[in-house]
Amino acid sequence: MEKAKGRIHYLDWLRILATIAVIVIHVSSQKAYGLAQIGSAPWQGFNFWDSLSRCSVPLFAIISGALFLNPNYHFQLKRLFTNSFLLVLCLATIIFIVSGLVMALVQQIPWFNKHIM
């Protein structure tokens, strides 16, 4: 890593690239969905640039993670799976069951089925 005054230069360049990509997203999506006819050559061009630059927001998250990460932290795959993965799996299962029950109850309401679905 090339550092000068505490800066990591390749992360600065990635941040500049991600900023430009966010601008490309806003410009191309405005043009693709607002002005160009869907399926036309200009629309496909705008859609290409829009799709290509969608990595910008996750790239900002990756840059933040790289800057907040402690370089002295000892990563253990076993600890990740026993703590984090099982917690996420349990929470996802609970959310799945609760949302299924709510949808089953909502579908029993005649007014909801008539006006909403």
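Right above here is the structure, for reference.
Bear in mind that the values here come from a model prediction, so they are computed numbers and not experimental data. (Residues numbered from 1 in each chain as written. Predicted model: local features only at pLDDT ≥ 70, side-chain atom pairs only at ≥ 80, totals over all residues. Heavy atoms only, no water.)

**Student:** What am I meant to see in the pattern of salt bridges here?
**Tutor:** Pairing is possible between side chains that carry opposite charge, provided their charged atoms lie close to one another. Tallied over the entire structure, the rule returns three salt bridges. A salt bridge links Arg7 to Asp12; the shortest N-O distance between them is 2.8 Å. Residues Arg54 and Asp50 are paired through a salt bridge, measuring 3.0 Å at the closest nitrogen-oxygen approach. Several salt bridges share partner residues, and in doing so they unite Arg7, Asp12 and Arg15 into one network. (Salt bridge = Lys/Arg side-chain N within 4 Å of Asp/Glu carboxyl O.)

**Student:** Hey, could you run me through helix α4 (residues 77-106) in this one?
**Tutor:** Each turn of an α-helix holds 3.6 residues, which means side chains three or four residues apart point in the same direction. Helix length check: α4, at 30 residues, gives a terminal C-alpha distance of 41 Å against a target of 44 Å (1.5 Å per residue), a fit within 8%. Of all the bends found along α4, the most pronounced is centred on Phe85 and spans about 30°. (Helix = DSSP H or I, 4+ residues; strand = E, 2+ residues; numbered from the N terminus. Expected span 1.5 Å × (residues − 1). Bend = angle between axes of the 7 residues up to and from the residue.)

**Student:** What should I look at first to understand the nonpolar core in this one?
**Tutor:** The tendency in soluble globular proteins is for nonpolar side chains to be buried side by side. Counting five residues, the largest nonpolar core consists of Ile8, Leu11, Ala18, Leu59 and Ile63. For this core, the secondary structure elements donating two or more residues are α1 (9-34) and α3 (56-68). Filtering out sequence-adjacent residues up to four positions away, Leu11 remains in contact with Ile63, Ala66 and Leu67. (Core = buried A, V, L, I, M, F, W, Y, C linked by side-chain atoms within 4.5 Å. Buried < 20%, exposed > 50% of the residue type's maximum accessible area, 1.4 Å probe, protein only. Contact = heavy atoms within 4.5 Å.)

**Student:** Whenever I open this one, the side chain of Ser28 confuses me. Can you help?
**Tutor:** Note that Ser28 resides in helix α1. The class for Ser28 is buried, based on a relative accessible area of 3%. Separated by 3.4 Å, the side chain of Ser28 and the backbone nitrogen of Asp50 make a polar contact. (Polar contact = N/O pair within 3.5 Å; in protein donor to acceptor, adjacent residues only side chain to side chain.)

By themselves these figures say nothing about function.
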